[in-house]
Amino acid sequence: VLLRAGGSEFFTDLAMATMGRRRGGAAKISVMASALFGTISGAAVSNVVVTGVVTIPLMRDSGYKATHAGAIEAIASTGGQMMPPIMGAAAFLMAETLEILYAEIVIAALLPSIIYYFAAYIQVDLIAARDDISAVNQEIPKLKQVLKEGWYFIPPFAVLIYLLFWANQPAAVAAVWAAAVLIVSGAIFSYKGRRIRLEDLYEILAETGLVTINLIMIVAAAGIVIGVLNMTGLGLALPTALISIAGDNLAVLLIIAAVVCIVLGMGMPTTAVYILLSALIAPAIIEAGVDDVPAHMFILYFGMMSMITPPIALAAFAAATLTKADPMTTGFVAMRFGWTAYVVPFLFVISPSLLLLGDDNLQIAIDAGTALVGVYLISVAAIGYFRRQMGWPPRILLILL
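Note that the coordinates shown come from a computational prediction; the quantities given were computed from them, not determined experimentally.

Take the overall build of the protein chain next. Looking only at helices and strands, one finds 20 helices and zero strands in the protein chain. For the protein chain, the spread of C-alpha atoms along the three principal axes comes to 60 × 55 × 45 Å. Sequence separation of 24 or more characterises 73% of the internal contacts of the protein chain that already satisfy a separation of 6 or more. For the protein chain, the computed accessible surface area is about 18,000 Å², with 68% contributed by carbon and sulfur atoms. Across the protein chain, 20 positive and 24 negative side-chain charges occur, with their mean positions spaced 17 Å apart.

Pasting the structure below:
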């Protein structure tokens, strides 16, 4: 419904209006637009295609290298799979698997998502300062005008969040009511000439059906694989083998699990990856003493990062087709820019307060603050610039801090 009503154009314009006038504005538009689009689409490649056709040319015209432009779009789109309040389909499956409310998954994903996009924003800002990349040269829409024309996209999200968090309604019920609100408002108002008409309802249902069929096929295929694993005993043997290899050392187990998650996830949609990993890897992490939510968030994060991790980095390769840069190089640059997603999962396993779990609000605030400071310092070290070019000794010092 959002796409038919012009939601993707609204999100892109909103990102342009808020970020376009800042230094390196094109890359910041990419980060914000992909994060916003991620709230309605959990598909990283789709995110790259929809937002990248606008943001990548803007980044190239502003002065960003082709590999940098592709990598920035890839990491921004990949992070959209973990961006509340909707996230990707895998989050709904996690709620079903753990038998907890979907709202609890959203709350747990909130702070890691903020940290991820904070790091992305800082890095593109520092690249812009280092390479003297200015604001977007093209005409930028005014925020007041964008909100005046597209204000009706906001109430459906308010309804969705209210029903999920305050009314404690199932995710499906909340989604239907939010869609109903948007259908009514989208039929009355229009954004850039996009208005929901009566005949669009058929197309909306048809497109939703196609998405659902794809999801069912993915889940069914993953289910067959899991069934084979259980029939052969590998499903039980692999967790035991991982724990045996790690020697009861949690840090070693997490590193092995992270590598296995990325390898198994290469070339697969995140939803299928999560189903597979929740059966194979999560039990080993939980058996090592990690709580259910951190363990499942850990595997989801590393399954998601297969989208930007070579040799099969689908999101990075999709972005490279738009930049005409080398796909493999784009993938490795995306890994460098998206470093937080390789580190933060280890942090929230060690300190579940980063998933907003626990009753000690002061401890949660302290852990969140120190995590953001640490991410900022390492981002500066990764780019190697803070007001002036930095050598390796101060960069290494910042990483150690």
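That shown, we press on.
The next point concerns the side chain of Ser 278. In this fold, Ser 278 is placed in helix 13 (residues 270-280). Within the structure, the side chain of Ser 278 is placed 2.9 Å from the backbone oxygen of Ile 275, a separation counted as a polar contact. In this view, Ser 278 contacts Pro 283, His 296 and Ile 299; residues no more than four positions away in its chain are not counted.

Take helix 6 (residues 102-130) next. For helix 6, spanning 29 residues, the distance from its first C-alpha to its last is 42 Å, which sits close to the expected 42 Å at 1.5 Å a residue. Roughly 35 degrees is the biggest bend found in helix 6, and it falls at Leu 110, with proline Pro 112 one to four residues downstream. With respect to burial, helix 6 is a largely interior element, 22 of its 29 residues being buried. Immediately beyond the C-terminal end of helix 6, within one or two residues, lies Asp 132, with a positive phi of roughly 55 degrees.

The subject of this paragraph is the packing of helix 10 (residues 200-232) against helix 13. At a minimum axis separation of 9 Å, helix 10 and helix 13 run at an interaxial angle of 25 degrees. Judged by the angle between their axes, helix 10 and helix 13 are roughly parallel. The two elements helix 10 and helix 13 cross, and the hand of that crossing is right-handed. Each of Leu 215, Ile 218, Val 219, Ala 222, Val 225, Ile 226 and Leu 229 in helix 10 lies in contact with helix 13, whose residues at this interface are Thr 271, Ala 272, Ile 275, Leu 276, Ala 279 and Leu 280. Of the residues contributing to the contact of helix 10 with helix 13, the split by class is 12 nonpolar, one polar and no charged.

A surface patch of nonpolar side chains, amounting to about 530 Å² of accessible area, comprises Val 45, Val 49, Val 50, Val 53, Val 54, Ile 312, Leu 314 and Leu 322. The leading source of residues in the nonpolar patch is helix 3 (residues 44-62), at five residues. Following the sequence through the fold, Val 45 ends up in helix 3. On the basis of relative accessibility, which here comes to 31%, the residue Val 45 falls in the partly exposed class.

Let's shift gears to the pattern of salt bridges. Per the stated rule, a full pass over the model turns up 10 salt bridges. Here Lys 192 ties to Asp 13 by a salt bridge, and the two come within 2.6 Å at their closest N and O atoms. With Lys 192 in the loop between helix 9 (171-188) and helix 10 and Asp 13 in helix 1 (residues 7-19), this residue pair connects regions lying 179 residues apart in the sequence. Taking relative accessible area as the criterion, Asp 13 reaches 7% and is therefore assigned buried. The salt bridge partner of Glu 199 is Arg 197, with a shortest N-O separation of 3.7 Å. By relative accessible area, Glu 199 is classed as partly exposed at 48%. Overall, Arg 197 belongs to the partly exposed group, its relative accessible area being 48%.

Two aromatic rings are characterised by how far apart their centres lie and by the angle between their planes. The tally for this structure, following the rule as stated, stands at 17 aromatic pairs. A cation sits over an aromatic face here: Arg 395 above Trp 392, 4.1 Å from the ring centre.

Bringing the environment of Asp 131 into the picture now. Along the chain, the position of Asp 131 falls in the loop between helix 6 and helix 7 (143-150). Separated by 151 residues in sequence, Asp 131 and Ala 282 have C-alpha atoms that sit 43 Å apart. For Asp 131, the side chain forms a polar contact with the side chain of Arg 130, separated by 3.0 Å.

Here we take up the side chain of Glu 73. By secondary structure assignment, the location of Glu 73 is in helix 4 (residues 66-79). Despite its burial, Glu 73 remains without a salt bridge, the nearest opposite charge being carried by Arg 60 at 12 Å. A distance of 2.7 Å separates the side chain of Glu 73 from the side chain of Thr 55, its partner in a polar contact. Beyond its immediate stretch of four places on either side in the chain, Glu 73 contacts Ser 30, Ser 34, Asn 47, Val 48, Thr 51, Gly 52, Thr 55, Ile 56 and Met 59.

Among soluble globular proteins, nonpolar side chains are generally buried collectively. Formed by 116 residues in total, the largest nonpolar core has its most connected members in Tyr 64, Ile 281, Ile 285, Met 297, Phe 298, Ile 299 and Phe 348. A total of 17 residues in this core trace back to one element, the largest contributor, which is helix 6. In this structure Met 297 touches Met 82, Met 94, Ala 108, Ala 109, Phe 348 and Leu 355, once residues within four positions along its chain are discounted. Ranked by size, the runner-up nonpolar core spans 14 residues in total, among them Ala 5, Leu 14, Leu 36 and Leu 182.

The next point concerns the confidence of the model for the protein chain. In this model, the protein chain carries an average pLDDT of 86, and 99% of its residues clear a pLDDT of 70 or more. Helix 17 (residues 327-337) holds the highest mean pLDDT among the elements of the protein chain, 93, whereas helix 11 (residues 234-246) holds the lowest, 74.

The next subject is the packing of helix 1 against helix 7. The interhelical angle for the contact between helix 1 and helix 7, taken along N-to-C directions, is 160 degrees, at an axis separation of 9 Å. On the basis of the axis angle, helix 1 is roughly antiparallel to helix 7. The interaxial crossing formed by helix 1 with helix 7 has left-handed handedness. Seen from helix 1, the contacting residues are Phe 10, Asp 13, Leu 14, Ala 17 and Thr 18; seen from helix 7, they are Leu 143, Val 146, Leu 147 and Gly 150. For the contact of helix 1 with helix 7, the residue count by class is six nonpolar, two polar and one charged.

Rules and cut-offs
Within each chain, residues carry numbers counting from 1 in the order of the written sequence. Only residues with pLDDT of at least 70 are given local features in this predicted model, and only at 80 or more are side-chain atom pairs given and counted; all residues enter the totals for whole chains, interfaces and linings. No hydrogens and no water enter the side-chain calculation; it runs on all heavy atoms of the structure. Numbering of helices and strands runs from the N terminus; a helix is a DSSP stretch of H or I covering at least four residues, while a strand is a stretch of E covering at least two. Whether two residues touch is decided by their heavy atoms; if any such pair falls within 4.5 Å, the residues are in contact. Note on areas: these come from Shrake-Rupley sampling with a 1.4 Å probe, and a residue is covered only by the protein chains present in the view. By the counting rule applied here, Lys and Arg register as positive and Asp and Glu as negative, while His and the ends of each chain are not counted. Throughout, a charge is located at the NZ atom of Lys, the CZ atom of Arg, the CG atom of Asp or the CD atom of Glu. In the analysis that follows, any N or O atom pair within 3.5 Å is treated as a polar contact, provided that within protein one partner can donate a hydrogen and the other can accept it, and provided that, for residues neighboring in sequence, both atoms belong to side chains. Helix span, as expected, comes to 1.5 Å for every residue beyond the first. Values of bend correspond, residue by residue, to the angle between axes fitted over the seven residues ending at that residue and the seven starting there. Relative accessibility thresholds used throughout: buried, under 20% of the residue-type maximum; exposed, over 50%; partly exposed, between the two (1.4 Å probe, protein chains only). Whenever a helix is involved, its axis is fitted only over the stretch in contact; in every case the axis is a line through C-alpha atoms, and angles between N-to-C directions fall within 0 to 180 degrees. To sort the angles, those under 35 degrees are grouped as roughly parallel, those over 145 as roughly antiparallel, those from 65 to 115 as roughly perpendicular, and the leftovers as oblique. In a left-handed crossing the near helix is turned counterclockwise from the far helix by less than a right angle, and in a right-handed crossing that turn is clockwise. Residue polarity follows a fixed list, in which Ala, Val, Leu, Ile, Met, Phe, Trp, Tyr, Cys and Pro are nonpolar, Asp, Glu, Lys and Arg are charged, and the others, Gly among them, are polar. A patch consists of residues exposed above 30% relative accessible area that lack any salt bridge, with like charges linked at up to 9 Å and nonpolar side chains (Val, Leu, Ile, Met, Phe, Trp, Tyr) linked at up to 5 Å. Take a side-chain nitrogen of Lys or Arg and a carboxyl oxygen of Asp or Glu: if they are within 4 Å of each other, that pair is a salt bridge. Classification of ring pairs uses Phe, Tyr and Trp, with its six-membered ring standing for Trp, and accepts pairs whose centres are within 6.5 Å; under 30 degrees between planes counts as stacked, over 60 as edge-to-face, and the remaining range as tilted. Whether a charge sits over a ring depends on NZ of Lys or CZ of Arg being within 6 Å of the ring centre and within 35 degrees of the ring normal. Joining through side-chain atoms within 4.5 Å is the link that ties buried Ala, Val, Leu, Ile, Met, Phe, Trp, Tyr and Cys residues into a set, and such a set is a nonpolar core. One confidence number per residue, pLDDT, is output by the predictor and ranges from 0 to 100.

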